[in-house]
Amino acid sequence: MTPRAADRTRYDRATAHLDAPLAIVDLEAFDANARDLVRRAAGKPIRVASKSVRCRALLERVLAQDGFEGLMSFTLAESLWLARSGFDDVLLAYPSADRAGYAELAADPKLAAAVTVMVDDPAQLELIDGARDGGAEEIRVCLELDTSLRMLGGRVRIGALRSPLREPAQLAELARSIARRPGFRLVGIMAYEGHVAGVGDSIAGRPLRSRAVRLMQSTARKELATRRAAVVRAVRAVAPELEFVNGGGTGSVQHTAAEDAVTEIAAGSGLYVPRLFDNYTSFTGRPAALFAQPVVRRPGVGVVTVLGGGYPASGAAGPDRLPVPYLPEGLRYDPQEGPGEVQTPLLGSPADDLRIGDKVWFRHAKAGELCERFEQLQLVEGDRVTQTVPTYRGEGHTFL
């Protein structure tokens, strides 16, 4: 029996009393992935990206392990909810225009001490001040650095369109604006190198593209390390009490951790290891989060149909954004239909061994987005479900 076949036996046995659709997290794999992230971080603390987990119980579990400190959130409403729930170090990774949220933050000493918000434009400071509604608490802020790789005099850009702040002088100037403005305190710098951390460099069947990605990433890492160090020096000259410099992502943990200017690493997807992380040479994780759909039809030889399953991930549309049939091994989508909202035909010889009601296990393309589809996660240890915990959705929250 292959390791994947053994996992299927465990998961089927653990969930035999439960009807699909359902989602699980294999705690042995989750914890092993956490330990590997810590190993790769080489002593620097890891700030957990809540967007990639979206389950309070699992956020608490990973933060209880050595090597993890703090959360990186994705909306202001989520940040406030997490802080009210007892998480005392929450970095909002994206600017917000949530005026009601800022009013709540500025009025509550506990929330203001726990939450740090992201800015990359003086207009965002204006918005926050205009939303205070009498709240006088000091707002903790973080600057975001644009990490994209620019080549050919800027005519070629590789990386996400995020912050407009790229050069040390730009970040230092905004740091001075914050220092002059009452009611704000600059505490950190964040730089997410998504073109390094979030792009696989070993693409099956595409050796030339894989080589090109590795060359790009090597160039990007060197350029960013030099520029990030210069940015940190420039900002510390204005704000010497800077508490943290955050960088990284699951795919670049060990490279970012090697930079002296970086004090902490961001990671989250590496806990679940979705399918987008199958194409990396820098690390190998264990798939920990899966979902099951039930077989509801057998249209013919070598074909079964499962209920639902059309759960595409965000980003530029393409086959790599689709879930992948995982267990039993050897199933594939019908190219005429793909994964559907209500039904998904699956082709392959393993279909002939599946009966009505059997489970087919899938892996989502991205990590936390799976939790937007399910209200609960079944936590599996060995061949048993040992706990059922709510996702954000199960607690009544869909922040985006």
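As shown above, the structure is provided for reference.
Attention here is on the structure that accompanies the text. (Residues numbered from 1 in each chain as written. Predicted model: local features only at pLDDT ≥ 70, side-chain atom pairs only at ≥ 80, totals over all residues. Heavy atoms only, no water.)

A few words now on the overall build of the protein chain. Each helix and strand counted, the protein chain has twelve helices and 19 strands in total. In terms of overall dimensions, the protein chain is globule-like: its C-alpha atoms have a radius of gyration of 22 Å, near the 21 Å expected for 400 residues. Judged by the C-alpha coordinates and their principal axes, the protein chain covers about 70 × 50 × 35 Å. For the protein chain, the distance from the average position of its 50 positive side-chain charges to the average position of its 50 negative side-chain charges is 6 Å. (Helix = DSSP H or I, 4+ residues; strand = E, 2+ residues; numbered from the N terminus. Rg over C-alpha atoms; globule rule 2.2 N^0.38 Å. Lys, Arg positive; Asp, Glu negative; His and termini not counted. Charge placed at Lys NZ, Arg CZ, Asp CG, Glu CD.)

This part covers the packing of helix H4 (residues 76-84) against helix H5 (residues 99-107). At a minimum axis distance of 9 Å, the contact between H4 and H5 shows a crossing angle of 35°. For the pair H4 and H5, the crossing hand works out as left-handed. Contacts between H4 and H5 pair Leu76, Leu80 and Arg84 from the former with Gly101, Tyr102, Glu104 and Leu105 from the latter. (Axes fitted to C-alpha atoms, helices over the stretch in contact; angles between N-to-C directions. Left-handed = near helix turned anticlockwise from the far one by under 90°. Contact = heavy atoms within 4.5 Å.)

Below, the discussion takes up the sheet that holds strand S5 (residues 115-119). Overall, parallel pairing links the eight strands, which are arranged S2-S3-S4-S5-S6-S9-S10-S11 in a closed barrel. When the angles between neighbouring strand axes are averaged without regard to direction, this sheet yields 30°. In this structure, strand S2 (residues 46-49) lies alongside strand S11 (residues 264-267), joined through three bridges in parallel fashion. Bridge assignment links Ile46 to a residue of S11, and that residue is Ile265. Helix-sheet contacts for helix H8 (residues 168-180) involve S5, strand S6 (139-144) and strand S9 (184-192), and the interaxial angle to S6 is about 170°. (Pairing = 2+ DSSP bridges.)

So, on to the environment of Asp353. Along the chain, Asp353 turns up in the loop between strand S16 (343-347) and strand S17 (359-363). Given the relative accessible area of 65%, Asp353 is considered exposed. With 13 residues separating them along the chain, Asp353 and Gly340 place their C-alpha atoms 22 Å apart. (Buried < 20%, exposed > 50% of the residue type's maximum accessible area, 1.4 Å probe, protein only.)

What follows concerns the pairing of S2. With burial as the criterion, each face of S2 is covered, one bearing Ile46 and Val48 and the other bearing Arg47 and Ala49. Of the strand pairs in this sheet, S2 and strand S3 (residues 68-73) are connected by three bridges, and their pairing is parallel. Counted as the bridge partner of Val48 is Leu71 from S3. Between the parallel elements S2 and S3, the chain passes through helix H3 (residues 56-63) in a crossover that is right-handed. (Right-handed = clockwise from strand over helix to strand, strands pointing away.)

For helix H1 (residues 3-14), which comprises twelve residues, the first-to-last C-alpha distance of 16 Å matches the rise-based estimate of 16 Å (1.5 Å per residue) to within 8%. Listed in full, the buried residues belonging to H1 are Arg10, Tyr11 and Ala14. Down the axis, H1 shows its buried residues gathered within 95° of arc, on one side only. Looking at the buried side of H1, the elements it contacts are strand S1 (22-26), strand S12 (289-300), strand S14 (324-327), S17, strand S18 (376-381) and strand S19 (384-390). (Expected span 1.5 Å × (residues − 1). Arc of directions from axis to C-beta.)

What follows concerns the nonpolar core. Counting 89 residues, the largest nonpolar core has Leu58, Val117, Tyr272 and Leu377 as the members making the most contacts within it. With six residues, the top contributor of residues to this core is helix H2 (residues 27-41). The contacts of Leu377, once residues within four sequence positions are left out, are Ala23, Val25, Cys55, Leu58, Tyr272, Cys371, Gln387, Thr388, Val389 and Thr391. Judged by nonpolar contacts, the second largest core, of twelve residues, contains Tyr11, Ala14, Tyr326 and Val380. (Core = buried A, V, L, I, M, F, W, Y, C linked by side-chain atoms within 4.5 Å.)

Right, let's get into a nonpolar patch on the surface. Residues Val296, Leu307 and Val342 make up a contiguous nonpolar surface patch of roughly 240 Å² in combined accessible area. Tracing the backbone through its elements, the reader meets Val342 in the loop between strand S15 (332-333) and S16. Take Val342: its relative accessible area is 56%, and that puts it in the exposed class. (Patch = residues over 30% accessible without salt bridge, like charges linked within 9 Å, V, L, I, M, F, W, Y side chains within 5 Å. Areas by Shrake-Rupley, 256 points an atom, 1.4 Å probe, with all protein chains shown as cover. Salt bridge = Lys/Arg side-chain N within 4 Å of Asp/Glu carboxyl O.)

Take H8 next. When the terminal C-alpha atoms of H8 are compared, their 18 Å separation across 13 residues agrees well with the 18 Å that a helix rising 1.5 Å per residue should span. Within H8, the full set of buried residues consists of Leu171, Ala172, Leu174, Ala175, Ser177 and Ile178. Turning to H8, the residues buried within the fold contact S5, helix H7 (122-131), S6, S9 and helix H10 (207-238).

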